[in-house]
Amino acid sequence: AQKMGFQKEKNLFLVHGVGVDLKKYKKNIPFPNNGIKKELGLKEKDLIISCVAEFIHRKNHIFLLKAWDKITQNLNNVHLLLVGNGSCLESLKQQAKINLLPRVYFLGYRKDVQQIIAKSDIITLVSKHEGLPRSIMEAMALGKPVIVSNVRGNCDLVEQGKNGFLVELGDIDGLVSSMKKLIINDKLRDDMGKASLEIIKDYSLEKVLAEMSSIYDYYIKILN
């Protein structure tokens, strides 16, 4: 934008998205029927990696499933939850079935996404391109470490090695390595989750409204 002639604080402003109401994530989240682990018959010590995304080509689920094939070769207490609907859902189910991918759960459309994220240990999103992904913002607001593709939007939210990992598109080994680091290291998950809680404060609804208000105030002064 600056190359096009816009000037910071004159006609070029930074606003941290549409904002997340962090207050609703501080409340105790109810878990109907004791939550997703009981629903799926998982053990309490089992780890959950979740991806909340529409099943379309842009969300790149196939990349995630290719990495999952390698993850499950030597880790048997980890489960992958895929939440959402979309045009690619059935073909991806077939892909998982043909390749005998274990512990993959296609949950479809859910009304308890917040509860699922809260019960998850790691949240991932490996889209080919993004805006400012809501699922990752919600995951951070719930104190979760995240693994995302290194594309615009994702890289605005995730600081490499601080609150999660950025993985290059197509780098299956990089995605597998990032997952393994978090799967086997409880402290790393905890530390990155705490970092997520700090970073997401910049994207709070309260801060975004203040940013928007300051822009309106600026132009009102010019017009007057």
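Residues numbered from 1 in each chain as written. Predicted model: local features only at pLDDT ≥ 70, side-chain atom pairs only at ≥ 80, totals over all residues. Heavy atoms only, no water.

Overview of a nonpolar patch on the surface
Here comes step 1: Residues Met-212, Tyr-216 and Ile-220 make up a contiguous nonpolar surface patch of about 310 Å² in total accessible area.
Here comes step 2: Its location among the elements puts Tyr-216 in helix α10 (residues 205-223). (Patch = residues over 30% accessible without salt bridge, like charges linked within 9 Å, V, L, I, M, F, W, Y side chains within 5 Å. Areas by Shrake-Rupley, 256 points an atom, 1.4 Å probe, with all protein chains shown as cover. Salt bridge = Lys/Arg side-chain N within 4 Å of Asp/Glu carboxyl O. Helix = DSSP H or I, 4+ residues; strand = E, 2+ residues; numbered from the N terminus.)

Some details on the environment of Asn-224
Here comes step 1: If you trace the backbone, Asn-224 turns up in the segment after α10.
Here comes step 2: On the basis of relative accessibility, which here comes to 78%, the residue Asn-224 falls in the exposed class.
Here comes step 3: Linking Asn-224 and Ser-214, residues 10 residues apart in sequence, is a C-alpha distance of 15 Å. (Buried < 20%, exposed > 50% of the residue type's maximum accessible area, 1.4 Å probe, protein only.)

Some points on the packing of helix α8 (residues 172-184) against helix α9 (residues 186-199)
Here comes step 1: Contact pair α8 / α9: the axes reach a minimum separation of 5 Å and the direction vectors enclose 100°. Relative to α9, α8 is oriented roughly perpendicular. Touching Lys-181, Leu-182, Ile-183 and Ile-184 of α8 are Asp-186, Leu-188, Arg-189 and Met-192, all from α9.
Here comes step 2: Residues of the contact of α8 with α9, tallied by class, amount to 5 nonpolar, no polar and 3 charged. (Axes fitted to C-alpha atoms, helices over the stretch in contact; angles between N-to-C directions. Parallel < 35°, antiparallel > 145°, perpendicular 65-115°, else oblique. Contact = heavy atoms within 4.5 Å. Nonpolar A, V, L, I, M, F, W, Y, C, P; charged D, E, K, R; others polar.)

Focus: unusual backbone geometry
Here comes step 1: Non-glycine residue Asn-60 carries a positive phi angle of around 65°.
Here comes step 2: Note on placement: Asn-60 falls in the loop between β1 (47-52) and α3 (61-71).
Here comes step 3: The exposure class assigned to Asn-60 is buried, which follows from its relative accessible area of 8%.
Here comes step 4: Backbone geometry at Arg-103 places phi at a positive 60°, although glycine is not the residue there.
Here comes step 5: Along the polypeptide, Arg-103 turns up in the loop between α4 (89-98) and β3 (104-108).

Topic: the packing of α3 against α8
Here comes step 1: As a packed pair, α3 and α8 sit with axes 9 Å apart at the nearest point and diverge in direction by 60°. In terms of orientation, α3 and α8 fall into the oblique class. α3 and α8 meet at a crossing whose hand is right-handed. Across the interface between the two elements, Phe-63, Leu-64, Lys-66, Ala-67, Lys-70 and Ile-71 from α3 touch Ile-172, Asp-173, Leu-175, Val-176, Met-179, Lys-180 and Ile-183 from α8.
Here comes step 2: Residue classes in the contact of α3 with α8 are distributed as 9 nonpolar, no polar and 4 charged. (Left-handed = near helix turned anticlockwise from the far one by under 90°.)

A look at the sheet that holds strand β5 (residues 146-149)
Hydrogen bonding along the main chain pairs the strands of a sheet, whether they run parallel or antiparallel.
Here comes step 1: The strand order across the open sheet formed by 6 strands is β3-β2-β1-β4-β5-β6, and the pairing between neighbours is parallel. In this open sheet, the two edge strands, each paired with only one partner strand, are β3 and β6 (164-167). Sheet twist, expressed as the average angle between the axes of neighbouring strands with direction ignored, equals 20°.
Here comes step 2: Relative to β6, β5 runs parallel, the two being bridged by 4 bridges. Directly across from Ser-149, in β6, lies its bridge partner Val-167.
Here comes step 3: On the sheet, α3 packs against β1, β2 (78-83), β3, β4 (122-125) and β6 and is oriented at approximately 170° with respect to β2.
Here comes step 4: The strands touched by α8 within the sheet are β1, β2, β4, β5 and β6, with β6 carrying the most contacts at an inclination of about 170°. (Pairing = 2+ DSSP bridges.)

Details of the nonpolar core
Here comes step 1: Ile-136, Leu-175 and Ile-183 are the most contacted members of the largest nonpolar core, which has 63 residues in total.
Here comes step 2: The biggest single contributor to this core is α3, with 6 residues.
Here comes step 3: When near neighbours in sequence (up to four residues on either side) are disregarded, Ile-183 contacts Leu-47, Ile-49, Ile-71, Leu-75, Val-78, Ile-122 and Arg-189. (Core = buried A, V, L, I, M, F, W, Y, C linked by side-chain atoms within 4.5 Å.)

What about the pairing of β4?
Here comes step 1: Neither face of β4 is open: one carries Ile-122 and Thr-124, the other Ile-123 and Leu-125, and all of them are buried.
Here comes step 2: Sheet analysis places β1 next to β4, joined by 2 bridges and oriented parallel. Along β4, the bridge assignment pairs Ile-49 with Ile-122.
Here comes step 3: In this fold, β4 hands off to helix α6 (residues 134-141), which returns the chain to β5; that crossover is right-handed. (Right-handed = clockwise from strand over helix to strand, strands pointing away.)

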